[in-house]
Structures are given as C-alpha cells and as structure tokens.
Amino acid sequence: MKKHDILEKAKKTYELLAADPAVLGQTRQAAALIEKLEKKDITVSIIGQFKRGKSSLSNKILEDEILPVGIVPITSAVTKVVYGKRAAEVHFFNGVVEEIPFDRLSEFISEQENSDNRLGVESVVLRTPSKFLKHGLTFVDTPGVGSFHKNNTETAYHYMKESDAVIFLLSVDSPINQIEIDFLQSAREFAGKFYFAVNKTDIVGEADLTAYMDYCGKLLCHMMQVEEIAMFPVSARTGDGIEALKKAILRDYKKSAEEILTQSAEKKLRDVINSALIQLDFYWKAMNMEYKELDERFAAVSNTVEEIKASAADIDCLFEIHLNEMKLELSQKVKELFGMEYRYVIEELPAGLVQMNKIDFLKQVDALCSDLEKTLSGILLYREENAYAVVRRINGINKLSRSLRKIRDDLTGCSV
Ligand SMILES: Nc1nc2c(ncn2[C@@H]2O[C@H](COP(=O)(O)OP(=O)(O)OP(=O)(O)O)[C@@H](O)[C@H]2O)c(=O)[nH]1
Ligand SMILES: [Mg+2]
C-alpha cells in the first residue's frame, strides 16, 4: 500500500469516527496518526527485557553519555531524543513541562530515584547534536520489560504502540526467553521495521557467539515468519558492531522512510479501528443494559462530578494544573465504570504559564462536568423514552461498525 493510500484511509476513518462522540478517544488517535503521516515523523525505539543494555547502547549510538545505566533495573520513563542543542525537558502526565539540567535526569527517569514513576513522568525529551539524529529521526529509550517493577513493563508495552521502527535488543548472556517472545509478538502489531541487535558480545568467545546467533536467528525467523533475518552483534561496552547497526538504520531511513512509515501507519490504523469497534460493541451492549445497572453507573459518575466540583471551591492556585488533573480523574472514572476511552486534551503547561483566575477556573470545571454528563447520556441514550431515537442510534452504530470493518479489511500485513 502507498503512503497516500494509507493517508486517505486514515482521513476517511477520522471522518467516520469524528461524527460519533462515542469514539472520541479513537478520533483523537486517528487525528494524531494523520499528523504523523503528514509530518513524516519516524520514531525508532530501543526495546527489550530489562538489563539487556538498552540505555548503554543508546548512549553509544548517540555518541553522548546522557542516559543513566546500571546493574539494577534503571530506566523507569520513556526518554525521547531529538536533534538539537543539548537540553532536557520533563513532560508530566498533568501537562506540566519542566526544563531541567542534564545532571538531574536520573531524578525523573531512574527506578531508584523515581520508583513506580511516583512523580507522574509521561516522558522526557532530550536534545543532543548527534549525527545519527540529524536527518530528523526521533530515537527513544524505553524501560525494560519483565522486571519486578511492573510499572516499567506497562510503560514499555504502552509506548511500543508509537514506534515505527524498533531495535529489539537481546543479550548473549541469556537466550531469548518467553518474556521477550511475548513482547516481540506485541511489537509486531505496531512497528513497521525491526532491527535485532545482540548485545554484550564482549563477554563471550567467537564460538559461543556463533552458536547464540544461530539459535536465536532460527527462532526469530520462525516467529517473524521469514526465511532470513538480519541480526547485529554489538557491544555497548567496547563499541563493536555499533557502526554497522547505525548504518543499516540510516540507510533504511534515507532510502525507505516512506515505506517504513506506511507500514507502521497501517498497523496503527488497524489498532485504532479495532479499538473503535470494541468501543461500539460496548455501546451496543450498554444500550441493552438493565436500567438498574445503568442507573448505578450514572449515579457513580455523578458522585465523582459532585466531589470534583466541591474540591474546586477550595483550590486557590495552580488552576491550570488542577484542571488537567480533574480531566485525568474524570477519564479514569469513565473508563472504570463504562470501560470506555473518554480522553480530554491535556493542555501543556510550560514554565511561566499565564495564571488562570479562580472565576474562569470554576467556570471551566462546571463546563467540564456538565459536558461529560451530557455527552454520556447522549451516547448511551440514557433514559431516552423515544423508541425511534434508540432504533436510529443502534442503526448508526451498526453502520459505523460496517464502514470501519470495510476499511480494516483493505489493510495488509507486516515486514521485517
Ligand atoms: N559486558 C557488557 N556489559 C554491558 C554491555 N551493555 C550494557 N552492559 C551492562 O549491563 C547493565 C545494564 O545496562 P543498561 O544500559 O542500564 O541496561 P537497560 O537495558 O537500559 O536496563 P533497564 O533500563 O533497567 O531496562 C549495566 O551494568 C551495563 O554496564 C555490554 O555491551 N557488555
Ligand atoms: Mg535503561
């Protein structure tokens, strides 16, 4: 499939989704996908089990010792690296963006200093004048999967959806295991291109390395359903093999960026459509739910709304941050009660933001709450006595589902 075809399909999907507030979350995802395709943004992420040497290898690839590494599980937050004058920014879930000096990085992205991501770091964005990034790639170091720290596994799985190409990192001190196989299976659903790198080659002799490459190579071919697979033996300690890996990535980026982006966008579009279909199915079921059950859930939402309104009266500063946090709380509640993605736009709040006054803040809280209740009732036709409206809504859901399935069926597969 060509890039403009996938862009057309993404736009068509967006139009269909945007007409139904029931799929608000997926509408935003489709919009983000269109923007990515139009801007030709390519993200290469390094992923794998904890302690395989992802951050050490990232430092070597970027030729800058910026990311913290260690013997115990370290990386606890997604770290995006782009080309530019050296700078670091922390993006928090509540929208706050804070510029920090490089020597404070580990306070935010290491498990030891920010355990279970208690600081609520959404991601860290670093700029460095690395030759590898000069052509516009975004490089991402991710937390490792499979350690005791479940939050890191969840973050890695969640982020993987945004990668276009991945460096899947193995290490010679451990043959590929079930945790890695499961992770790779999921990554296949989203990334358009894979580079398999085997780290720590400095600790084994040539014969052992050959045996390892042979064994893992066969397994990976089987998993990826291909005849042959390119593998890159590297050592983040000595630097061996790293140039070959970088060259392969840059060569593909220059020659086939569009192809990589198209393949990854196709997979991401399929994911958006699947998630919209699940959501529509949910509505369908919710509309057939007993009123008693639906009453209870609506009452629970109303309780949260009342609590939020009451707490707003006591807030006297940092109104923008509180508003973002309320949006997160409301989305969480809707997800909990109705299983649906009801995502708000979280405004970014860089340092020196203009302060909202209390009157505006209270108005916005009110608007936020009544909007939620109105939209939810509308979507679920809660207490709708008019049978014709219900039939029309059900027909609308069926029609939208059919159109989305048709777009999904036209999408194709994956590549190595
Ligand atoms: N011998 C050897 N050790 C390495 C190599 N690369 C990394 N290490 C060591 O492996 C350990 C883990 O390195 P990290 O780069 O922190 O690994 P990671 O995959 O980022 O770990 P998490 O962030 O916890 O998932 C450190 O003690 C590194 O010094 C390598 O090529 N050879
Ligand atoms: Mg790391």
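Refer to the structure printed above.
Just so it is clear, the structure is predicted and the values come from calculations on it, not from any experiment.

1. Thoughts on the overall build of the protein
Broken down by element type, the protein carries 12 helices and 10 strands. The proportion of buried residues among the 416 residues of the protein is 51%. Long-range pairs, those at least 24 residues apart, make up 79% of the contacts in the protein between residues at least 6 apart in sequence. Considering the protein, the positive charge centre built from 55 side chains and the negative charge centre built from 64 side chains are found 5 Å apart.

2. Concerning a positive patch on the surface
Together, Lys12, Lys399, Arg402 and Arg405 make up a positively charged patch on the protein surface. Here the positive patch takes three residues from helix α12 (residues 387–409), the largest share from any one element. Tracing the sequence through the fold places Arg402 in helix α12. Classification of Arg402 as exposed rests on a relative accessible area of 53%.

3. A short note on the coordination of the magnesium ion (ligand 2)
Each protein donor to the magnesium ion (ligand 2) is listed here as Ser55 (OG) and Thr75 (OG1); together their distances run 2.0 to 2.1 Å. Note that Ser55 is positioned in helix α3 (residues 54–62) and Thr75 in the loop between α3 and β2 (79–83), a separation of 20 residues in sequence.

4. Re the site of ligand 1
In the region of ligand 1, 21 residues are neighbours, and Lys54, Ser56, Ile74, Thr75 and Asp202 sit closest. Between ligand 1 and Gly70, the relevant distance is 3.0 Å, taken from an oxygen atom to a main-chain nitrogen or oxygen of the residue. Asn199 has a polar side-chain atom sitting 3.1 Å from an oxygen atom of ligand 1. Look at ligand 1: alone it shows 650 Å² of surface, and the protein chains cover 92% of it. Sorting elements by how many residues they give to the shell around ligand 1 places α3 first, with three residues. Residues that form the shell around ligand 1 fall into these classes: seven nonpolar, eight polar and six charged.

5. Observations regarding the pairing of strand β6 (residues 138–141)
If a strand is regular, its side chains alternate between the two faces of the sheet. Here β6 shows two buried faces, one formed by Thr138 and Val140 and the other by Phe139 and Asp141. Judged from the four bridges that link them, strand β1 (residues 43–48) and β6 form a sheet pairing that is parallel. Pairing of Ile46 across the sheet is with Asp141, part of β6. Sheet topology note: the β2/β6 ladder contains three bridges and is antiparallel. Note on β6: the bridge partner recorded for Val81 is Phe139.

6. Focus on the packing of aromatic side chains
Taken as a whole and assessed by the stated rule, the structure comprises 10 aromatic pairs. Through a chain of ring-to-ring contacts, the aromatic side chains of Tyr157, Phe168, Phe183, Phe194 and Phe196 assemble into a single cluster.

7. Let's talk about the pairing of strand β4 (residues 96–100)
Sheet topology places strand β3 (residues 87–92) next to β4; four bridges connect them, and they run antiparallel. For His91, the partnering residue across the bridge sits in β4 and is Val97. Linking β3 back to β4 in an antiparallel pair, the connection comprises three residues, with Gly95 at a positive phi of about 95°.

8. Some points on the pattern of salt bridges
Oppositely charged side chains may form a pair once their charged atoms are brought near each other. This model, assessed by the stated rule, comprises 19 salt bridges. In this structure, the salt-bridge partner of Glu63 is Lys246, at a minimum N-O distance of 3.0 Å. You can see Glu63 sitting in the loop between α3 and β2 and its partner Lys246 sitting in helix α8 (residues 242–287), a full 183 residues away along the chain. Judged by relative accessible area, Glu63 falls into the exposed class, the value being 51%. Overall, the relative accessible area of 6% leaves Lys246 in the buried class.

9. Brief notes about helix α11 (residues 358–380)
Between its first and last C-alpha, α11 extends 33 Å over 23 residues, near the 33 Å set by a 1.5 Å rise per residue. Taken residue by residue, α11 has Phe361, Val365, Leu368, Cys369, Leu372, Thr375, Leu376, Ile379 and Leu380 as its buried positions. Those residues of α11 that are buried are in contact with α8, α9 (291–313), α10 (319–338) and α12. A distance of 3.2 Å separates the backbone nitrogen of Ile359 from a side-chain oxygen at the start of α11, and that oxygen is part of Asn357. A positive backbone phi angle near 45° is found at Leu381, which sits one or two residues after α11.

Scoring rules and cut-offs
Residues numbered from 1 in each chain as written. Chains lettered and ligands numbered in written order. Predicted model: local features only at pLDDT ≥ 70, side-chain atom pairs only at ≥ 80, totals over all residues. Heavy atoms only, no water. Helix = DSSP H or I, 4+ residues; strand = E, 2+ residues; numbered from the N terminus. Buried < 20%, exposed > 50% of the residue type's maximum accessible area, 1.4 Å probe, protein only. Contact = heavy atoms within 4.5 Å. Lys, Arg positive; Asp, Glu negative; His and termini not counted. Charge placed at Lys NZ, Arg CZ, Asp CG, Glu CD. Patch = residues over 30% accessible without salt bridge, like charges linked within 9 Å, V, L, I, M, F, W, Y side chains within 5 Å. Areas by Shrake-Rupley, 256 points an atom, 1.4 Å probe, with all protein chains shown as cover. Salt bridge = Lys/Arg side-chain N within 4 Å of Asp/Glu carboxyl O. Donors = N, O, S within 2.8 Å, 3.2 Å for Na, K, Ca; no water. Near = heavy atom within 4 Å. Polar contact = N/O pair within 3.5 Å; in protein donor to acceptor, adjacent residues only side chain to side chain. Nonpolar A, V, L, I, M, F, W, Y, C, P; charged D, E, K, R; others polar. Pairing = 2+ DSSP bridges. Phe/Tyr/Trp six-rings, centres within 6.5 Å; stacked < 30°, edge-to-face > 60°. Expected span 1.5 Å × (residues − 1).

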